[in-house]
Amino acid sequence: NAIEIPYGQTRSYGEVARMVGRPKAARAVGSAMAATPFPLVVPCHRVIAAGSSRARYAEHEFLLGMERRMLRETMEKPYILFDLDGTITDPKEGITKSVQYALEDFGIQEPDLEKLTCFIGPPLVQSFQEYYGFDEAEAQRAVQRYRQRFAEVGIFENGVYEGVHEMLSELKDAGKTLCLATSKPGVFAKKILEHYHLAPYFTVVVGSELDGRRSDKAEVIEEVLHRLAITESREKAVMVGDRRHDILGAKRCGLTS
């Protein structure tokens, strides 16, 4: 439940205990936070002792300060670029089942869809080569097979994350210019935005091309900046994503993320 605590905010041990339906388990929460081997993946620094005896360690203060500073800096930027898959919507079912369908064409049976979640986000050609050792021609063939199923069924085996509509509405009301920067083909991205009533929030929507052009995230981001006529003042924009290639793409384009 620590993962559910908003970025830059804190909750006491007792509050977390109540969140999990065990109001008398505050001490157990404290012990769990101290024992976790993944203190950054599970944001333990957001869970602190209550009252005047709050245990504030230096690393807690550093991480919370960094989160709050990044939030403040992000809200000061007029242009916000969002990734789509895994950031705005949860496309897990549609993508993994379509990858599964494509692999079957190569005689590869993969019943565990969890193993295919690595395909969410990065360009498909790159993922088929990286995770299954396909050469360029095989990867292109796999992508075509993938799209046969995705275009008909998988595209709407999807869902908007809770709170996204409210977040985008508030950002829009605050005067932010919202853009979509996705490695998914633009034709699919636009259909998803329209289907889930997200299209009105976005001023610019950029994706890859069906022929494979502009699949690299940096290329997508550069096209968004071009359409916004942003050349030098890149400190005005921020990239929001959920995968490594979102962050690296932003860095290559001179954007914070």
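Remember, predicted model here, so these are calculated numbers, not experimental data.

Participant: I'd like to hear about the overall build of the chain, residue by residue, with values.
Facilitator: Counting secondary structure elements, the chain contains 10 helices and six strands. Within the chain, buried positions represent 44% of all 257 residues. Of the contacts made within the chain by residues no fewer than 6 positions apart, 66% connect residues no fewer than 24 positions apart. By element, 51% of the accessible surface of the chain is carried by carbon and sulfur atoms, the whole surface being about 13700 Å².

Participant: Give me the pairing of strand 4 (residues 177–185): which residues, what numbers.
Facilitator: The element strand 4 is extensively covered by neighbouring structure, given that nine of its nine residues are classed as buried. The sheet contact formed by strand 3 (residues 79–82) and strand 4 spans four bridges and is parallel. The residue of strand 4 that forms the bridge with Ile80 is Leu178. Taken together, the five bridges between strand 4 and strand 5 (residues 202–208) define a ladder with parallel strand orientation. Note on strand 5: the bridge partner recorded for Cys179 is Val204. Each parallel crossover has a hand, and the one from strand 4 via helix 8 (residues 186–195) to strand 5 is right-handed.

Participant: Tell me what's going on with the packing of helix 4 (residues 92–104) against helix 6 (residues 136–152), and back it up with residues and numbers.
Facilitator: Interaxial distance between helix 4 and helix 6 falls to 8 Å at its minimum, and their mutual angle equals 130°. One finds that helix 4 runs oblique with respect to helix 6. Handedness of the helix 4/helix 6 crossing: right-handed. Together, Gly94, Ile95, Lys97, Ser98, Val99, Tyr101 and Ala102 of helix 4 and Ala142, Arg145, Tyr146, Gln148, Arg149 and Phe150 of helix 6 make up the contact between the two elements. Taken together, the residues of the contact of helix 4 with helix 6 break down into seven nonpolar, three polar and three charged.

Participant: Any details on the pattern of salt bridges? Residues and values, ideally.
Facilitator: Within the structure shown, the criterion is met by 14 salt bridges. Notably, a salt bridge pairs Asp246 with Lys217, separated by 2.5 Å at the nearest N-O pair. A residue pair is termed long-range when its members are at least 10 positions apart, and Asp246 in helix 10 (residues 244–252) and Lys217 in helix 9 (residues 217–227) qualify at 29 residues. As far as the burial class goes, Asp246 and Lys217 line up, both buried. Across the salt bridge formed by Asp242 and Arg243, the nearest N and O atoms sit 4.0 Å from each other.

Participant: Any details on the nonpolar core? Residues and values, ideally.
Facilitator: Counting 37 residues, the largest nonpolar core has Phe82, Phe128, Leu168, Leu198 and Phe202 as the members making the most contacts within it. Counting residues per element, the ones that place at least two in this core are strand 3, helix 4, helix 5 (124–132), helix 6, helix 7 (164–173), strand 4, helix 8 and strand 5. At five residues, helix 6 tops the list of elements feeding residues into this core. Dropping the residues within four chain positions of it, Phe202 is found in contact with Phe82, Leu168, Leu178, Cys179, Leu180 and Leu193. Formed by 17 residues, the second largest nonpolar core is a distinct cluster that contains Val206, Val220, Ile230 and Leu255.

Participant: Lay out the confidence of the model for the chain in plain terms, naming residues and giving numbers.
Facilitator: Looking at the chain, the pLDDT average stands at 87 and 87% of residues meet or exceed 70. Per-residue pLDDT, averaged within each element of the chain, yields its smallest value for helix 3 (residues 58–76) (69) and its largest for strand 5 (97).

Participant: Residue-level account of the sheet that holds strand 3, with values.
Facilitator: Reading across the sheet, the four strands line up as 5-4-3-6 and stay open at both edges, with parallel pairing between neighbours. The two strands at the open ends of the sheet, each matched to only one other strand, are strand 5 and strand 6 (237–240). Put simply, the sheet's adjacent strands are angled 20° from each other on average, direction ignored. Its contacts with the sheet place helix 8 against strand 4 and strand 5, and it is angled at close to 130° to strand 4.

Participant: Talk me through the packing of helix 5 against helix 6; I want residue IDs and the actual numbers.
Facilitator: At a minimum axis distance of 9 Å, the contact between helix 5 and helix 6 shows a crossing angle of 120°. The angle between helix 5 and helix 6 falls in the class oblique. Crossing angle aside, the handedness with which helix 5 passes helix 6 is right-handed. Across the interface between the two elements, Leu124, Val125, Phe128 and Gln129 of helix 5 pack against Glu136, Ala139, Gln140, Ala142, Val143 and Tyr146 of helix 6.

Conventions adopted
- Residues numbered from 1 in each chain as written.
- Predicted model: local features only at pLDDT ≥ 70, side-chain atom pairs only at ≥ 80, totals over all residues.
- Heavy atoms only, no water.
- Helix = DSSP H or I, 4+ residues; strand = E, 2+ residues; numbered from the N terminus.
- Buried < 20%, exposed > 50% of the residue type's maximum accessible area, 1.4 Å probe, protein only.
- Contact = heavy atoms within 4.5 Å.
- Areas by Shrake-Rupley, 256 points an atom, 1.4 Å probe, with all protein chains shown as cover.
- Pairing = 2+ DSSP bridges.
- Right-handed = clockwise from strand over helix to strand, strands pointing away.
- Axes fitted to C-alpha atoms, helices over the stretch in contact; angles between N-to-C directions.
- Parallel < 35°, antiparallel > 145°, perpendicular 65-115°, else oblique.
- Left-handed = near helix turned anticlockwise from the far one by under 90°.
- Nonpolar A, V, L, I, M, F, W, Y, C, P; charged D, E, K, R; others polar.
- Salt bridge = Lys/Arg side-chain N within 4 Å of Asp/Glu carboxyl O.
- Core = buried A, V, L, I, M, F, W, Y, C linked by side-chain atoms within 4.5 Å.
- pLDDT = per-residue confidence, 0-100.

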